[in-house]
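Below, each chain spelled out in residue letters.
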Amino acid sequence: MPVLTFAASGATQLEGSFKVGPAIILISILVLFVLVGILFRAKDTTDFYAAGRGISKVGSGMAIASNWMSAASFLGMAALMYGSGYHGLAYVVGWTGGYVLLLILMAGQIRKYGKYTAADFIGDRYYSQTLRAVGAIIAILISISYCVGQFGGIGLMFKWVMGIDYAWAVIIGGAVVLAYTLISGMLGVTKNMQIQYIIIIISFIIPLFILTFKFDYFWLLPQVGYGSVVSDAVAGIPIAESQQLVNSFGHDFAMVPAPEYAMPWDPATGKTFYQWIAIAFSLMIGTAGLPHVIQRFYVVPKARDARWSVVWGLFFICILYWSAPAYAAFGKILSAHPEVGQLAKDAIVVYTAQLGDVHPLIVGFLAAGGVSAAFSTVSGLLVAGSSAFAHDLYVKVINPNAKPKNQLLAARLGTVLMAMIVTVIALAKLALIGQLVAVAFSLAGCTIFPLFLLGIWWSDSNKAGAIAGLVVGGIVSAISLSYFIAGKYGVTWPLHNFVDYWLGAWYFAIIGAPLAIIAHIIVSKITKETPLEIRKFLIEKVHS
């Protein structure tokens, strides 16, 4: 241990150096992931797509939580709250509320429908191979969009641990997660997610106990104790009281009052009530439309297990979500000294632990937890995207007579192609991790969510209505993302400020989803009725 402690002393540096102790921890965890992937590797298409439908409800709940607690949750939520205070809580409310929607509206019904993928449901429910193909393409686009933020998180943590350039960190980290996803399929990925959840939670919680105890806040339950930290940030810390808050640089510092940090929609944040509500709404419905989340309900034996897996998933998720704001609050006060300055937001979780002078090996374990969070989500997304490519495009549309061996080959080729595309986009660093992920949610909310909501609960929903809803949702998505990308490259289009505010890239689903649902309903009402056999199936099988 003394050798490791000495070798890891470089971990107190915010950037630059290779950190031996954290590197050993990270590499050991990555080797474990690969070994689990090999041990539970997919032997056939059912294993690859749906984990053999043999995962327990608690195990599935852990996998859901791990799959959900991506780099956006582990790193991105604290980053958003560190940068914008109360406004960042919209992401916590939206992502958590989305699982409540899933529990109430979809989980059991999706499992009863008995398919493998989101596009599978769309093609069957709306009796259209074209819609199946479009659904598969949308699932792939959403998976790519979501993956970009995760690859960014992997890159940041590999950069911090290895002391290498961000581009190489993204490439190396992406190659590792790609390797074990190719071997594993959904079965190995799900088993890995259960291990990853344990790593994520332990690594995330331990530094909070240390920080709250060290700085004399209520440490027995850090998620409560950090409330006093927020109060200090809002009220300011006088020079006379700043002695207890000494960061790892030895700074004794005071802090000027920052009321906007905990006041909703304070003018100083530059954010408004509409934006807060729009983000929370878009993330809620987007959660209920994400292909890799929906696909998790197919891995359990029964519909009842699907519902309970969501309950367990919510419990496991809330442990981390309740804790993330504490890192933002401690980061705010520990980086208040001018010599520290504004830290890179997406790495604030690790930087906060460093500034709090937490032991380097524990900080290294925290960084490994961030990588685990990103890996668990990326693997689920890659399986969801490759399943859409192989199962819904290749088998169902292009080559219905494909042998299982060729199906697995197509799935693995799709996985490689997706990983390459994601790597290229991640290197562009278009936005914060949490914001990049929010784009995927809005896209899912405008396209897949209306199809599932109406497809499950309204028997009059038909093919023509589904097409109309997709067209409207797709147009709103295209407008928002086009303006966002143009703005990133310095191009200003007409009505840029108007579109940027009302159809922001993180929350355009608040406009797009209602319009898509309205279009879906109107067109369904004036066109040919849904076939009788589908109505009968909904009544007898899905809602029995």
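On a predicted model such as this, the values are computed, not experimentally measured, just so you know.

Asker: How do you make sense of the layout of surface pockets when you look at a structure like this?
Answerer: Unoccupied space between atoms shows up once a probe the size of one water molecule is rolled over them. Approximately 640 Å³ is the volume found for the largest pocket. In terms of lining, the largest pocket is formed by 23 residues, of which the most central are Leu141, Ser145, Val439, Leu443 and Leu481. Sorting the residues of the lining of the largest pocket by element identifies α8 (129-162), α18 (433-457) and α19 (463-488) as the ones contributing at least two each. Examining the composition of the lining of the largest pocket, we find that 8 residues originate from one element, α8, more than from any other. A breakdown of the residues in the lining of the largest pocket according to their chemical character gives 19 nonpolar, 4 polar and no charged. Approximately 430 Å³ is the volume found for the second largest pocket. Along the wall of the second largest pocket there are 26 residues; nearest its centre are Lys271, Gln275, Gln435, Trp506 and Tyr507. When residues of the lining of the second largest pocket are traced back to their parent elements, those giving at least two are α5 (71-84), α11 (273-287), α19 and α20 (496-502).

Asker: Any chance you could explain the pattern of salt bridges here in plain terms?
Answerer: Side-chain pairing between opposite charges can occur once the charged atoms of the two side chains come close. Scanning the entire structure with this criterion turns up 4 salt bridges. One salt bridge connects Asp357 with Lys214, and the closest N-O pair in it is separated by 3.8 Å. Here Lys214 lies in helix α9 (residues 166-214) and Asp357 lies in the loop between α15 (348-355) and α16 (360-398), a separation of 143 residues in the sequence. Accessibility expressed as a relative area gives 42% for Asp357, which makes it partly exposed. Take Lys214: its relative accessible area is 37%, and that puts it in the partly exposed class. Salt bridges linked by common partners bring Asp460, Glu529 and Arg535 together as one network.

Asker: Would you mind showing me how to read the side chain of Arg132 here?
Answerer: Within the secondary structure, Arg132 is located in helix α8. A relative accessible area of 7% places Arg132 in the buried class. A polar side-chain atom of Arg132 sits 2.6 Å from a polar atom in the side chain of Asp120. If sequence neighbours within four positions are ignored, Arg132 has contacts with Ala119, Asp120, Gly123, Asp124, Asp392, Lys396 and Val397.

Asker: Hey, could you run me through the nonpolar core in this one?
Answerer: Soluble, globular proteins show a tendency: their nonpolar side chains are buried together. By size, the foremost hydrophobic cluster in this structure holds 161 residues, and its most contacted members are Phe74, Trp95, Met106, Leu320, Ile333 and Phe452. With 18 residues, α8 is the largest single contributor of residues to this core. Sequence-distant contacts of Phe452, that is, excluding residues within four places in its chain, are made with Met106, Ile110, Ala118, Phe121, Ile122 and Ile294.

Asker: Quick question: what am I supposed to make of the packing of helix α6 (residues 89-113) against helix α22 (residues 532-542) here?
Answerer: The relative placement of two packed helices comes down to the angle between their axes together with the axis-to-axis distance. For the pair α6 and α22, interaxial distance at closest approach is 10 Å and the crossing angle is 115 degrees. Viewed along their axes, α6 and α22 adopt a mutual orientation that is roughly perpendicular. For the crossing formed where α6 meets α22, the hand is right-handed. Note on element contacts: α22 touches α6 through Phe537, Leu538, Lys541 and Val542, opposite Gln109, Lys112 and Tyr113.

Asker: Help me understand the packing of aromatic side chains in this model?
Answerer: The geometry of two aromatic rings is summed up by the distance between their centres and the angle between their planes. For the structure on display, the rule yields 18 aromatic pairs. Residues Phe204 and Tyr327 carry aromatic rings whose centres are separated by 4.8 Å and whose planes lie at 50 degrees to one another, so their mutual orientation is tilted. In this pair, Phe204 is assigned in helix α9 and Tyr327 in helix α14 (residues 324-334), connecting sequence segments 123 residues apart. The exposure class of Phe204 is buried, given its relative accessible area of 0%.

Asker: Even after reading the chapter, I still don't get α16, so can you show me in this structure?
Answerer: Note: α-helices contain 3.6 residues per turn, so residues at a spacing of three or four share the same orientation. Compared with the 57 Å implied by 1.5 Å per residue over 39 residues, the 53 Å span of α16 between its first and last C-alpha is a close match. When you tally the buried positions in α16, you get 32 out of 39 residues, the bulk of the element.

Asker: Could you clarify how one ought to interpret the packing of helix α2 (residues 20-39) against α16 in this entry?
Answerer: Where α2 contacts α16, the two axes come as close as 8 Å, and the packing angle between them is 35 degrees. Both α2 and α16 take part in a crossing whose hand is right-handed. Along the contact surface, α2 presents Gly21, Pro22, Ile25, Leu26, Ile29, Leu30 and Phe33, while α16 presents Pro360, Leu361, Gly364, Phe365, Ala368, Val371, Ser372 and Phe375.

Asker: So what exactly am I meant to see when it comes to the environment of Phe452 here?
Answerer: Position of Phe452 relative to the elements: it lies in helix α18. Residue Phe452 is classed as buried on the basis of its relative accessible area, which comes to 0%. Sequence separation between Phe452 and Met106 is 346 residues; the distance between their C-alpha atoms is 7.9 Å.

Asker: Help me understand the side chain of Thr96, please; the structure alone is not making it clear to me.
Answerer: Inspection of the secondary structure assignment puts Thr96 in helix α6. Residues within four places of Thr96 in sequence aside, it is in contact with Leu314, Cys318 and Tyr321.

Asker: For this particular structure, what's the right way to read unusual backbone geometry?
Answerer: Glycine aside, residues mostly have negative phi, and peptide bonds are mostly found in the trans state. Phi angles above zero are rare outside glycine, and Asp216 is one such case at about 60 degrees. Relative to the helices and strands, Asp216 is located in the loop between α9 and α10 (222-235). With a relative accessible area of 63%, Asp216 lands in the exposed category.

Procedures and definitions
Residues numbered from 1 in each chain as written. Predicted model: local features only at pLDDT ≥ 70, side-chain atom pairs only at ≥ 80, totals over all residues. Heavy atoms only, no water. 1 Å grid on protein atoms, 1.4 Å probe; cavity = no way out; pocket = protein on both sides within 12 Å on 5 of 7 lines; lining within 4 Å. Points joined across faces, edges and corners; volume = space filled by probe spheres on them. Helix = DSSP H or I, 4+ residues; strand = E, 2+ residues; numbered from the N terminus. Nonpolar A, V, L, I, M, F, W, Y, C, P; charged D, E, K, R; others polar. Salt bridge = Lys/Arg side-chain N within 4 Å of Asp/Glu carboxyl O. Buried < 20%, exposed > 50% of the residue type's maximum accessible area, 1.4 Å probe, protein only. Polar contact = N/O pair within 3.5 Å; in protein donor to acceptor, adjacent residues only side chain to side chain. Contact = heavy atoms within 4.5 Å. Core = buried A, V, L, I, M, F, W, Y, C linked by side-chain atoms within 4.5 Å. Axes fitted to C-alpha atoms, helices over the stretch in contact; angles between N-to-C directions. Parallel < 35°, antiparallel > 145°, perpendicular 65-115°, else oblique. Left-handed = near helix turned anticlockwise from the far one by under 90°. Phe/Tyr/Trp six-rings, centres within 6.5 Å; stacked < 30°, edge-to-face > 60°. Expected span 1.5 Å × (residues − 1).

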